Amino acid sequence: MNRIRLYLHRLFRRPVITDPMRIYTRRLPDGVALDMEEYFAYVVATIADDEELLAQFLELVDDRASAREHKHDGWEPERLLMEKLATGVGCEVRVRGKALAQLADRLRAAVPARAAVVPAQRREGGAAA
């Protein structure tokens, strides 16, 4: 159902940013969701096409699988592997010029009139920013 809603949203809304990668926005009651599926596809393809990155990813998968088998002691060896993958793939979608202004306008318009409290924050006693 969620996937159908996403496709319908894309049919009737234009992306805020089209270059270098399409980014869509969808308003939420307490903010906005950034749809960065094109960036996600880029990340997966980059890892799959680069032998070194793929080896690091598979090592990360193995580390996480072995951590599930044994009780987790708080040490996360996969953090270094994740940093290496992030360095290899990149963690940024660059937004410049007119596209930056359009994204800023869309995000500004999505700010709720009054701050909403997210249920998880309410349980912890924190207030929404």
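What you are looking at is a predicted structure, and each value in this text was computed from that prediction instead of being measured.

With that out of the way, let us pick up the layout of surface pockets. Empty space among the atoms becomes visible once a probe the size of a water molecule is rolled across them. As a volume, the largest pocket reaches approximately 200 Å³. Lining the largest pocket are Val 43, Val 44, Ile 47, Ala 48, Leu 54, Phe 57, Met 82, Leu 85, Ala 86, Val 89, Gly 90 and Cys 91. Elements supplying a minimum of two residues to the lining of the largest pocket: helix H2 (37-49), helix H3 (51-69) and helix H4 (78-89). Among the residues making up the lining of the largest pocket, the classes are represented as 11 nonpolar, one polar and no charged.

Along the polypeptide, Asp 35 turns up in strand S2 (residues 31-35). Note on Asp 35: relative accessible area 14%, which makes it buried. A distance of 3.1 Å separates a polar side-chain atom of Asp 35 from the backbone nitrogen of Glu 37.

This paragraph deals with the nonpolar core. Counting residues in hydrophobic clusters, the biggest one holds 16 residues, and the most contacted among them are Ile 17, Tyr 39 and Val 89. Secondary-structure elements contributing two or more residues to this core are H2, H3, H4 and helix H5 (97-110). In this view, Ile 17 contacts Arg 22, Ile 23, Val 95, Ala 99 and Leu 103; residues no more than four positions away in its chain are not counted.

On to a negative patch on the surface, then. Taken together, Asp 49, Asp 50, Glu 51 and Glu 52 make up a surface patch of like negative charges. Within the fold, Asp 50 resides in the loop between H2 and H3.

Across a regular strand the side chains alternate sides, sitting on one face of the sheet and then on the other. Sheet topology note: the strand S1 (residues 24-28)/S2 ladder contains five bridges and is antiparallel. Following the sheet pairing, Arg 26 is matched in S2 by Ala 33. Remark: two residues form the turn of the hairpin made by S1 and S2, two consecutive strands paired antiparallel.

A contiguous nonpolar surface patch, about 300 Å² in accessible area, is contributed by Leu 54, Phe 57, Leu 58 and Val 61. Since its relative accessible area comes to 45%, Leu 58 is described here as partly exposed.

This paragraph deals with the pattern of salt bridges. All chains considered together, the criterion is met by two salt bridges. Of the charged contacts in the structure, one is a salt bridge between Arg 22 and Glu 38, with a shortest N-O distance of 3.2 Å. One end of the pair, Arg 22, is in the loop between helix H1 (2-12) and S1; the other, Glu 38, is in helix H2, with 16 residues separating them in the sequence. Residue classification places Glu 38 among the partly exposed residues on the basis of a relative accessible area of 27%. Here Asp 105 makes a salt bridge to Arg 108, at a shortest N to O gap of 3.0 Å. With a gap of three residues between them, Asp 105 and Arg 108 both fall in helix H5, about one helical turn apart. On the accessibility criterion, Asp 105 (47% relative accessible area) is partly exposed.

Residues of the chain with pLDDT of at least 70 account for 71%, and the chain-wide mean is 77. Per-element confidence in the chain ranges from a low mean pLDDT of 58 for helix H6 (residues 119-124) to a high of 90 for H2.

Our focus in this paragraph is H5. In a regular helix each residue adds 1.5 Å, so 14 residues correspond to 20 Å; H5 covers 20 Å between its end C-alpha atoms and thus fits that length. Turning to H5, its buried residues number three or more, namely Ala 99, Leu 103 and Ala 110. Burial along H5 is one-sided: seen end-on, the buried residues are contained in an arc of 35 degrees. For H5, the exposed residues lying more than 90 degrees away from the buried face are Gly 97, Lys 98 and Arg 108. Where the residues of H5 are buried, they touch S1 and S2.

Rules of the game
Residues numbered from 1 in each chain as written. Predicted model: local features only at pLDDT ≥ 70, side-chain atom pairs only at ≥ 80, totals over all residues. Heavy atoms only, no water. 1 Å grid on protein atoms, 1.4 Å probe; cavity = no way out; pocket = protein on both sides within 12 Å on 5 of 7 lines; lining within 4 Å. Points joined across faces, edges and corners; volume = space filled by probe spheres on them. Helix = DSSP H or I, 4+ residues; strand = E, 2+ residues; numbered from the N terminus. Nonpolar A, V, L, I, M, F, W, Y, C, P; charged D, E, K, R; others polar. Buried < 20%, exposed > 50% of the residue type's maximum accessible area, 1.4 Å probe, protein only. Polar contact = N/O pair within 3.5 Å; in protein donor to acceptor, adjacent residues only side chain to side chain. Core = buried A, V, L, I, M, F, W, Y, C linked by side-chain atoms within 4.5 Å. Contact = heavy atoms within 4.5 Å. Patch = residues over 30% accessible without salt bridge, like charges linked within 9 Å, V, L, I, M, F, W, Y side chains within 5 Å. Areas by Shrake-Rupley, 256 points an atom, 1.4 Å probe, with all protein chains shown as cover. Salt bridge = Lys/Arg side-chain N within 4 Å of Asp/Glu carboxyl O. Lys, Arg positive; Asp, Glu negative; His and termini not counted. Charge placed at Lys NZ, Arg CZ, Asp CG, Glu CD. Pairing = 2+ DSSP bridges. pLDDT = per-residue confidence, 0-100. Expected span 1.5 Å × (residues − 1). Arc of directions from axis to C-beta.

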